[in-house]
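One-letter residues, chain by chain:
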Protein chains: 2
Amino acid sequence: MQCVKVLGGVVGAAALLGLGIILGHFAIPKGTDSPAPSVSVPQDLDLELLETVMGQLDANRIRENLRELSKEPHLATTPRDEALVQLLLQRWQDPESGLDSARTSEYEVLLSFPSQEQPNHVDVVGPTGDIIHSCRRSEENLTGEQGGPDVVPPYAAYAPPGSPQGLLVYANQGTEEDFMWLSNQGIQLQDTIVLTRYGGIGRGAKAVNAAQHRVAGLLVYTDPGDINDGKSLPNETFPHSWGLPPSGVERGSYFEYFGDPLTPYLPANPSSFRLDPANVSGFPPIPTQPIGFEDAKILLCNLQGILAPAAWQGGLGCDYRLGPGFQPDGIFPAGSQVNMSIYNRLELRNSSNVLGIIRGAVEPDRYVLYGNHRDSWVHGAVDPSSGTAVLLELSRVLGTLLKKGTWRPRRSVVFASWGAEEFGLIGSTEFTEEFFSKLQERTVAYINVDISVFANVTLRAQGTPPVQSVIFSATKQIPAPGTSSLSIYDNWIRYTNRSSPVYGLVPSLGTLGAGSDYAPFVHFLGISSMDLAYNYDRSKTSARIYPTYHTAFDTFDYVDKFVDPGFSSHQAVARTAGSVLLRLSDSLFLPLNVSDYSETLRSFLQAAQQHLGALLKQHSISLGPLVTAVEKFEGAATVLGQHISTMQKGTPDPLQVRMLNDQLMLLERTFLNSRAFPEERYYSHSSFL
Amino acid sequence: MQCVKVLGGVVGAAALLGLGIILGHFAIPKGTDSPAPSVSVPQDLDLELLETVMGQLDANRIRENLRELSKEPHLATTPRDEALVQLLLQRWQDPESGLDSARTSEYEVLLSFPSQEQPNHVDVVGPTGDIIHSCRRSEENLTGEQGGPDVVPPYAAYAPPGSPQGLLVYANQGTEEDFMWLSNQGIQLQDTIVLTRYGGIGRGAKAVNAAQHRVAGLLVYTDPGDINDGKSLPNETFPHSWGLPPSGVERGSYFEYFGDPLTPYLPANPSSFRLDPANVSGFPPIPTQPIGFEDAKILLCNLQGILAPAAWQGGLGCDYRLGPGFQPDGIFPAGSQVNMSIYNRLELRNSSNVLGIIRGAVEPDRYVLYGNHRDSWVHGAVDPSSGTAVLLELSRVLGTLLKKGTWRPRRSVVFASWGAEEFGLIGSTEFTEEFFSKLQERTVAYINVDISVFANVTLRAQGTPPVQSVIFSATKQIPAPGTSSLSIYDNWIRYTNRSSPVYGLVPSLGTLGAGSDYAPFVHFLGISSMDLAYNYDRSKTSARIYPTYHTAFDTFDYVDKFVDPGFSSHQAVARTAGSVLLRLSDSLFLPLNVSDYSETLRSFLQAAQQHLGALLKQHSISLGPLVTAVEKFEGAATVLGQHISTMQKGTPDPLQVRMLNDQLMLLERTFLNSRAFPEERYYSHSSFL
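Cut-offs and rules
- Residues numbered from 1 in each chain as written.
- Chains lettered and ligands numbered in written order.
- Predicted model: local features only at pLDDT ≥ 70, side-chain atom pairs only at ≥ 80, totals over all residues.
- Heavy atoms only, no water.
- Buried < 20%, exposed > 50% of the residue type's maximum accessible area, 1.4 Å probe, protein only.
- Helix = DSSP H or I, 4+ residues; strand = E, 2+ residues; numbered from the N terminus.
- Pairing = 2+ DSSP bridges.
- Axes fitted to C-alpha atoms, helices over the stretch in contact; angles between N-to-C directions.
- Parallel < 35°, antiparallel > 145°, perpendicular 65-115°, else oblique.
- Left-handed = near helix turned anticlockwise from the far one by under 90°.
- Contact = heavy atoms within 4.5 Å.
- Nonpolar A, V, L, I, M, F, W, Y, C, P; charged D, E, K, R; others polar.
- UniProt positions renumbered as here; feature names shortened; annotations may be inferred.
- Disulfide = S-S within 2.5 Å.
- pLDDT = per-residue confidence, 0-100.
- Salt bridge = Lys/Arg side-chain N within 4 Å of Asp/Glu carboxyl O.
- Arc of directions from axis to C-beta.
- Polar contact = N/O pair within 3.5 Å; in protein donor to acceptor, adjacent residues only side chain to side chain.

### Some points on the pairing of strand 10 (residues 288-291) of chain B
Residues and elements named next belong to chain B.
Part 1: Side chains Thr288 and Pro290 of strand 10 all project onto a buried face; the interleaved residues Gln289 and Ile291 project onto the opposite face, where all are buried too.
Part 2: In this sheet, strand 10 lies alongside strand 8 (residues 217-221) in parallel orientation, the contact comprising four bridges. Along strand 10, the bridge assignment pairs Leu219 with Gln289.

In structure tokens form, the structure reads like this:
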């Protein structure tokens, strides 16, 4: 016995708070307390049923879903967002096509909105103080859907209010290097207004970088060279094509973290401890406003100063100069400055998630999660309603089979419609915070389908290594839209591929960053996750993303005419996601291939050897133990794979299969280390920071 | 989609380090890869077999184990400690009574030892610099076992070297309050040597508190009033009774945390990142040395200054005064000071754990862990060999049944002999760090039997709430030693009891602090844990602990004559621990009672209301959500209990039972919050900080 120090029994305030949350997890009624599941028959994936589901997923119903979902703007927590909550509830509670149960859960979260009384504005002010040019306060009403009180004017969410004024400087993408370069050119940045273009780094990072150089205010625009392949004229853009109109402005959150800003690591319940908004880190430090390229052109093409480097030039049809200030022989009088008047404010709002549950027949305590966010910036036909339209169609088909008694999955399936994603993945993050332990213990995988169709050319899949094989299996069985005989897989491999040391040429899976609601699942919980969508041919366009992203032009007609006429790509994504879901929920052996981590780890190791080898050698740090670890992993994964093969050939005992599946399910969790990156909120996955 | 920021694919050095560890977990061959377990029969606890085991646990064999184990001093990492590693391996690999497999695992850890060349010494130095009194450098050789090179002289492990000299001050137990009180009395503490007595707070805390008052050196002794019920004469103490002889000195670790000091959160493998020893926190900041009460009496009874408060007086037979310095009319000349010369040094040493494994027949991936440390300060007959003697006897009986083919547990059983516990639970902590994920996912419970017998009067059990019921069930079936007809339970309830709102009068379980190797299991991993021992009647003695604790008098003869003549209490603990182990490893339904957490949480809530109610009200903080959480927990636990009862009445399906058992096993884990107390290393259990 080492000592007699006894710390036990002390109940601190922190423990009490923790307790409240933790008990909440446990107190949720358990799946096993519901009607007793049937005995442990070796229920396995039914390929005929899978075919039935594939056949019933209907393109036209997806189109009608999208029409309804994107009929009106549904910014998070607005009445229309709440109306869609009801729509989802109603669909999932439908007696003929609904799920076992559906419910909402509300969180009180901190959002940011522009003032309705005092609109944000950006103006050029002459030396005598008169306004010479005013930037648009809203997008041009080209289709009748860009007007009205529900269209939120363009703004930078979480940017602070303020009225900075100063000479204009152009800073390219606003990266650290961009600002350093300007500084090294002797360009005075302090007290200026800086104009940057979207791309290169996250939104919030531009403001953080600018503030470090004492910039007073930040403008951000979308360059037609980055989104429209250079096209910028009204007749070359929407509603005449899928291009971004000159007045289009990308809204977005400028918050640097995700989750409710006031309750990091805690669900934003009424009783949770909240930070003082004044002490929140991660908000942009200076007033910031996005503008359209129509206005950016007027500002940027009149700048004085030296010519910007070639890589900083764009598609506005003029030479981009750096400033500071406007050229004396241009349209603005000498000494004209830019004034920004920003009136954003923070508001506590109630945001809802909607959860729809199908109880598993055999293993109700194993969950396959499928989610998308519901909230949009304006109509959000592509983002996120193209995903929600697919979600509703898939849940309808499965719900109908369920209600008919034709089918019940082996494991439980949870459909989720997340709230307030656009402000920083808030609904999904609060959900992972509230049910942290239970989700970690029980979740097989998370499937995210946010934007389901960026364009109608090829599948795009992102995910952690164990999900690669199930995506491959699913896509090999589904015909690709717009081709006569190719599968989605065969079509996909033509556009995005890599040479695998194990498999040869295969489609290439992307890495999951923090672009949608999968982020808290993979980074915070260590759950194998994926994001599925149809996309464009990257060799044919340099567009950063689909052009009307986060603008008032992302409407039903935009999708119907330019993104996916006929909705066959939506159907293809529904089938892919549906097949992946059924394989995960119904297969006796979980279709997660642990061996596919070996290849990824090996490639990380090689990257480390290549990029850090010399540096590590300098400091006498050996990669030997890491090499050994990767080798051990490869060996163990191979042995496990052989063990699964052997068992699959016999008549496996359900309890033995469960033990094996637990290993497959929990593999991703072993990469979690909550103490690894304390400064990177939520990031605990040691392989994918 | 919220943004296009992609962090993925970045491989940082931290991630690489993390990876090495994590892969290690996975790479360990899985239980399920061993000979395939039999099909999922509803194998349950066999009461006849339980009786057989109870009958075969032999008091005399435990006595012989103890004789062998405590024959020589076996301080961590010394040759005799390594010899015992081989002894354990040999026993667990015995063809007739061994386990399925046994292996050692080594960690390279930072320990602290006194210098052999320059012994630590404490002296009274007269005003002219001459030494007037020297404290003993070793204990008196009363039985022939207190001499020899393997008896480590008394020292304060991890106390820094140094030779402070100053006037002596008496500071009671060295608590913050004690030092504040002295300070308020106007007693100069700076540059003094302070004498404190053991008790009240942990060892290291005394040094930390002293250093905050700029004390130069710290002495610590055991007061006969705190250990011997006041007896202090040679003929009243060992070898004439179980009392501590005047020259006895309690050694111990003064490190404030646990685990290897250089590798917090990481296993101390050769490749792990190590802190610079100069930057380690938690070491005592000033030279420190423990002394016997024989020497403490000479120092303390000659102090000048005002009389210490009544609560500070002790059993040395004189008035305790505060100092500073000695009284002029005493045995020391005016102005005499105390000099401490400390030569402790830090050393990296290889410390071994020994693991012995019985593979589970049905659920090999569920573990019941049973452990004790192996290392002692000197002979360590009580601490820890009384526990190891029991461990060896239990593993012999189970191993014999296993080798005969009579029995194989439903779940896997892992026996562990931890190294370097006395320096701060190092072997067990490194084990939990190395196998963090796997242990969290798979461990049903941890049973710790460190000191198995403090004295032979009554059971003492500490544990988290879910283990109460299994300890009760076991102890109701085992006769208490030294009584004619009482069970261990019936005897226990006479000495330690409480009134339970649910059960009425029941024996009272203690709380697990950080006193032995259960600490990393419960606090770091959130595993339901317990510590079992036989103890004395607390109403009959005020002894802090058994008197020869951590001295060279803790020998086989001490146990054989004074602690447990006949070894029937050792046998009783072996039976209790064995019965608990078998119930946990073999019962179809895990005997962990989740409902027993309700009572504990309710009592914590009441304590919070009582002690913090007014304060919280002042700050408008409501306990309402916590009340709701506790109520929800109570409700859910009741429902779960009913569900178990119902299932037990039917013919339960093994897979369904597994799902339910997972809930029981993982309940304790839901209290973990690794971000709750970042400043309290390893403490993540929000109910038991």
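### Notes on the packing of helix 17 (residues 595-618) of chain B against helix 18 (residues 624-649) of chain B
Residues and elements named next belong to chain B.
Part 1: Contact geometry of helix 17 with helix 18 gives a least axis separation of 9 Å together with a crossing angle of 165°. In terms of orientation, helix 17 and helix 18 fall into the roughly antiparallel class. Here the hand of the crossing between helix 17 and helix 18 comes out left-handed. Along its contact with helix 17, which presents Ser595, Tyr597, Ser598, Leu601, Arg602, Leu605 and Gln609, the element helix 18 presents Leu626, Val627, Val630, Glu631, Phe633, Glu634, Ala637 and Thr638.
Part 2: In terms of residue class, the contact of helix 17 with helix 18 is built from eight nonpolar, four polar and three charged.

### Here's the deal with the UniProt feature "domain: Transferrin receptor-like dimerisation" (unreviewed entry) in chain A
Part 1: UniProt tags residues 621-686 of chain A as "domain: Transferrin receptor-like dimerisation" (unreviewed entry).
Part 2: Between the end C-alpha atoms of residues 621-686 of chain A the distance is 19 Å, and the span holds 61% helix and 0% strand.

### Considering the state of the cysteines
All names here are of chain A.
Part 1: Inspection of the entire model under this criterion finds two disulfides over all chains.
Part 2: Between the sulfur of Cys301 and that of Cys318 lies a disulfide, 1.9 Å long from S to S. Around the S-S axis, the bridge from Cys301 to Cys318 shows a dihedral of about -80° and counts as left-handed. A residue pair is termed long-range when its members are at least 10 positions apart, and Cys301 in the loop between helix 8 (293-300) and strand 11 (337-341) and Cys318 in the loop between helix 8 and strand 11 qualify at 17 residues.
Part 3: For Cys135, which is in no disulfide, the shortest distance to another cysteine sulfur is to Cys301 and amounts to 13 Å.
Part 4: A residue is classified by how much of its surface remains accessible, and Cys135, at 4% relative accessible area, is buried.

### Structural notes on the UniProt feature "domain: PA" (unreviewed entry) in chain A
Part 1: Mapped onto the present numbering, the UniProt feature "domain: PA" (unreviewed entry) falls at residues 167-252 of chain A.
Part 2: Across residues 167-252 of chain A, the secondary structure splits into 27% helix and 16% strand, with the terminal C-alpha atoms separated by 25 Å.

### As for the confidence of the model for chain A
Part 1: Per-chain confidence: chain A averages 93 in pLDDT, with 94% of residues scoring 70 or above.
Part 2: Below pLDDT 50 for its whole length, residues 3-39 of chain A participates in 92 contacts with residues either more than four positions away or in separate chains.

### Looking at the pattern of salt bridges
All names here are of chain A.
Part 1: A full pass over the atoms with the stated rule returns 59 salt bridges over all chains.
Part 2: One salt bridge connects Lys540 with Asp537, and the closest N-O pair in it is separated by 3.4 Å.
Part 3: With a shortest N-O distance of 2.9 Å, Glu634 and Arg602 are connected by a salt bridge. Of this pair, Glu634 sits in helix 18 (residues 624-649) while Arg602 is found in helix 17 (residues 595-618), placing the two residues 32 residues apart along the sequence.

### Some points on helix 3 (residues 59-69) of chain A
Residues and elements named next belong to chain A.
Part 1: Those residues of helix 3 that sit buried are Ala59, Ile62, Asn65, Leu66 and Leu69. Down the axis of helix 3, the buried set is contained in an arc of 115°. They therefore lie on one face.
Part 2: Its side-chain oxygen 3.0 Å from the backbone nitrogen of Asn60, Asp58 forms the N-cap of helix 3.

### Here we look at the environment of B:Gly526
Residue and element names in this part refer to chain B.
Part 1: You can see Gly526 is positioned in the loop between helix 14 (518-524) and strand 19 (529-535).
Part 2: Exposure remark for Gly526: the relative accessible area of 0% places this residue in the buried category.
Part 3: Spatially, the C-alpha atoms of Gly526 and Gln440 are 7.4 Å apart, while their sequence positions differ by 86 residues.
Part 4: Apart from the residues lying within four places of it in its own chain, the contact partners of Gly526 are Phe521, Glu668, Arg669, Leu672 and His685.

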